[in-house]
Every structure is written in structure tokens, then in C-alpha cells.
Amino acid sequence: MKHVINALDFTVEEIDELIAIAEDIMMYPDKYSEVCKGKKLATCFYEPSTRTRLSFESAMLSLGGSVLGFSSGESSSAAKGESVADTIRMISCYADICAMRHPKEGAPFVAASYSSIPVINAGDGGHNHPTQTLTDLLTIKNLKGRFSHLTVGFCGDLKFGRTVHSLIDALVRYNDIKFIMISPKELEIPDYLRKEVLDARGTEYREVNILEDVMPELDLLYMTRVQQERFFNEEDYIRLKDSFILDNKKMSLAKEDMFILHPLPRVNEIAVEVDSDPRAVYFKQAKYGVYIRMALIMKLLEVVPC
Ligand code: NCD
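One structure accompanies this document, and this report is about it. Bear in mind the structure is a predicted one, so any value in this text is a computation, not a measurement.

## Describing the side chain of T139
Next, step 1: By the element assignment, T139 lies in helix α5 (residues 130-144).
Next, step 2: If we ignore the near neighbours within four places in the chain, the residues touching T139 are L261, V281, Q285 and Y288.

## Brief notes about the nonpolar core
Next, step 1: If you look at the biggest cluster of nonpolar residues, it comprises 60 residues, and the most contacted ones within it are F154, I168 and F179.
Next, step 2: When residues in this core are grouped by element, the largest group, 11 residues, is from helix α11 (residues 282-301).
Next, step 3: Composition of this core by domain shows at least three residues from each of domain 1 (7-128 + 288-301) and domain 2 (131-285).
Next, step 4: With sequence-adjacent residues up to four places away left out, I168 is seen in contact with F154, F179, M181, I189, L193, V197 and L198.
Next, step 5: C155, I182, M258 and Y282 belong to the second largest nonpolar core, which has 20 residues in total.

## Remarks on a nonpolar patch on the surface
Next, step 1: Together, L68, M90 and Y94 give the surface a local cluster of nonpolar side chains, amounting to about 270 Å² of exposed area.
Next, step 2: Residue placement: Y94 occurs in helix α3 (residues 84-94).

## Some thoughts on unusual backbone geometry
Excluding glycine, a negative phi dihedral is what most residues carry, and trans is how most peptide bonds are arranged.
Next, step 1: Cis rather than trans, the peptide bond between L264 and P265 has omega equal to 10°.
Next, step 2: Its place among the elements puts P265 in the loop between β9 (259-261) and α11.
Next, step 3: Positioned with a positive phi, H149 is a non-glycine residue whose angle comes to about 55°.
Next, step 4: Along the chain, H149 turns up in the loop between α5 and β5 (150-155).
Next, step 5: With a relative accessible area of 46%, H149 lands in the partly exposed category.
Next, step 6: Non-glycine residue E302 carries a positive phi angle of around 55°.
Next, step 7: By the secondary structure assignment, E302 is in the segment after α11.
Next, step 8: Taking the relative accessible area as the measure of exposure, E302 reaches 70% and is therefore exposed.

## Some points on the site of the ligand
Next, step 1: If you check the shell around the ligand, you find T52, R101, H129, Q132, R162, T163, R225, Q227, P263, L264 and P265 and nothing else.
Next, step 2: P263 is positioned with one of its backbone polar atoms (N or O) 2.9 Å from a nitrogen atom of the ligand.
Next, step 3: In this structure, L264 approaches the ligand through a main-chain N or O atom, which is 2.9 Å from a nitrogen atom.
Next, step 4: Look at the ligand: alone it shows 320 Å² of surface, and the protein chains cover 94% of it.
Next, step 5: Residue composition of the shell around the ligand, by class: 3 nonpolar, 5 polar and 3 charged.

Reading the values: rules and limits
Here, residues in each chain are numbered from 1, in the same order as that chain's written sequence. Since the coordinates come from a predicted model, pLDDT governs what is reported: local features require at least 70, and pairs of side-chain atoms require 80 or more to be given and counted, while whole-chain, interface and lining totals use all residues. In computing side-chain properties, one takes all heavy atoms of the structure into account and sets aside hydrogens as well as water. Per the convention used, a helix needs a DSSP run of H or I reaching at least four residues, while a strand needs a run of E reaching at least two, with both numbered from the N terminus. When checking whether two residues touch, look at their non-hydrogen atoms; a contact exists if any pair is within 4.5 Å. Buried Ala, Val, Leu, Ile, Met, Phe, Trp, Tyr and Cys residues that are joined via side-chain atoms within 4.5 Å together make up what is termed a nonpolar core. Burial classes follow relative accessibility: with a 1.4 Å probe on protein chains only, a residue under 20% of its type's maximum area counts as buried, one over 50% as exposed, and anything between as partly exposed. Domain boundaries shown here were taken from an automatic or database domain assignment. Each patch groups residues whose relative accessible area exceeds 30% and which form no salt bridge, using 9 Å between like charges and 5 Å between nonpolar side chains of Val, Leu, Ile, Met, Phe, Trp and Tyr. The protein chains shown are the only cover counted for residues, whose accessible areas, like all others here, come from Shrake-Rupley with a 1.4 Å probe. Whenever Lys or Arg places a side-chain nitrogen within 4 Å of a carboxyl oxygen from Asp or Glu, that contact is recorded as a salt bridge. When at least one non-hydrogen atom of a residue lies within 4 Å of a molecule or strand, that residue is treated as near it. By the criterion applied in these results, polar contacts are pairs of N or O atoms within 3.5 Å in which, for protein atoms, one can donate a hydrogen and the other can accept it, and in which residues neighboring in sequence qualify only through two side-chain atoms. Residue classes follow a fixed rule: Ala, Val, Leu, Ile, Met, Phe, Trp, Tyr, Cys and Pro count as nonpolar, while Asp, Glu, Lys and Arg count as charged, and any other residue, Gly among them, counts as polar.

See below:
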């Protein structure tokens, strides 16, 4: 049985296969509409979510399956002190597959070790978010047609932004990929990522703190919100929250074929005026999340039709 805990749980070949399935779903949705009939997905979310939880649920419903679950720790027995290990043992009796989001780094990994059904990490603290990465990869493939020969800017909260960590992990495996990390000093990428991923792979990257200076170089700009819930101190959040605001003036410096991605939710970091720029693809990106999660659920349940 396979669990999905971080982005590196997939080889590049497995990513290609999931993307191919997702693209087939986009073209022939009817072919997949009953593939998961009789199967149940549990969404166990101990942290807020709109896109991830609902896109998982929408994905399972589109496959003809059903969904059950909870959307906050307070509405589950976690509020009575039940451990993740015990909860997943129960969920294993009620469902065939589980997507879990948790504020504690490593919680889905612990759950997987006690589970008799596949567990998918739907975001663990400031650590990883592998299914957002699959969503981002499907978006990049559809818009740019490749994962190689790209200069990718990551902007905002690169310290706590789990979507950034997982996407970097996945992208370093492709050829001629360059990163420009744009953040205030306090929100730079974690040291383990610098040493164990970027330096270890010899990936070209630089760290800067002015977005305008690097806009003309970028093929993709991945914007992120400052992760308020991970700050120890409200004053630091208030000081840093509006460090970068992408607006039309900054967009005028970008290449014609550069795309803006954002895992969403957006707070202030992208001005609403940018939404009508054809290069702003974050709402389209959210839609791709359903197709790739459909592909993933089928793959983990081993029900992909020929
Ligand atoms: C992200 C997350 O939860 O990490 N959202 C998402 O899943 N699309 C990004 C965020 O919350 O800022």
C-alpha cells in the first residue's frame, strides 16, 4: 500500500503518469464517472481549508465515490485528547482512503504508520503539501509545456510556506531549472532546504529582497501569503505581512509569457487588479487541483481504467 507524505514520494516517471491520467480525465470525464463506485474517501482536516478539502471531495464525487470526514480538530475526538494514531485506526474501518491535514509537522506520517488504508498528506504544518505540488506541476505542464529550462521565482513567506518547500523538492529534479527566492530576511527558505536540497543537487538559485529587480527574468512567479498562523508573535506578522504586493505596475516588467501561480488563499500579496491579466492563472490552477487529485485517488486505490 502506498501513502503520499511528501513530494518526493513520486518519481518523475510517476508524476508524468499522474499528469497523463489527469489530462485524460479533462478530455474524457465520463470515462471516470463510476470508477470509485462503492469507495469512500475520508477527509480528516485539523486545520482550515477551502480548496484542498473541497477539491479532494469533489474529486472523489466525480469518480462516483462518497466522502465523509471532519473539517476541524474541534469537531473530532482530537478535542477529547484522542491521538492521530488512534483516530486513523478508526478511519481505516470507515473509509478506503484518507486525506489528512494537520498543524503538526509529521502528523500524516505518523498516521500512515498506523493506517491500513492509504494516507495522503494534505498539508502538515509548515512542512510539506505534496498534492498542492501535483496541482502546481499539472498547471505548469499545461501552461508552459515543460518542467525544464525555467527560471522560477518564489515570493513571500518561504520559511513557513509548505507549498514552496514541496514544489522546490519536486522541481530540482529537472534540467536547467533556476530559482530566485524573493522574501524578507526573516522569511527566507529554511536552512535544511538550502543545504540538503538546493546545494546538495547543485541547483542554481539566489536570494533577493526586491521583486521588481527580478521580474524580467522570470518564466513563473509563485506568490505566497505570509502564514499568519505559524508566527509566534503578532507584531512580527503585522510588520512582515505586506512585504510584497504584486500589482499591474510590477506586472508591466514581466515577460509576456510569464505566469503567476499562487496556491491561494490570497490576502494582500496580489492586488485584485492583477486578476484580469491573462498571465494570472491562480484560479485556473485551483481547478487543475481536482483533476490531479482524481488521478491520485485512482492510482492509490488501483482502479485506473485502461
Ligand atoms: C496552502 C496551504 O494550505 O498550505 N493552501 C492550499 O492548500 N491551497 C497555502 C496557504 O494556506 O497559504
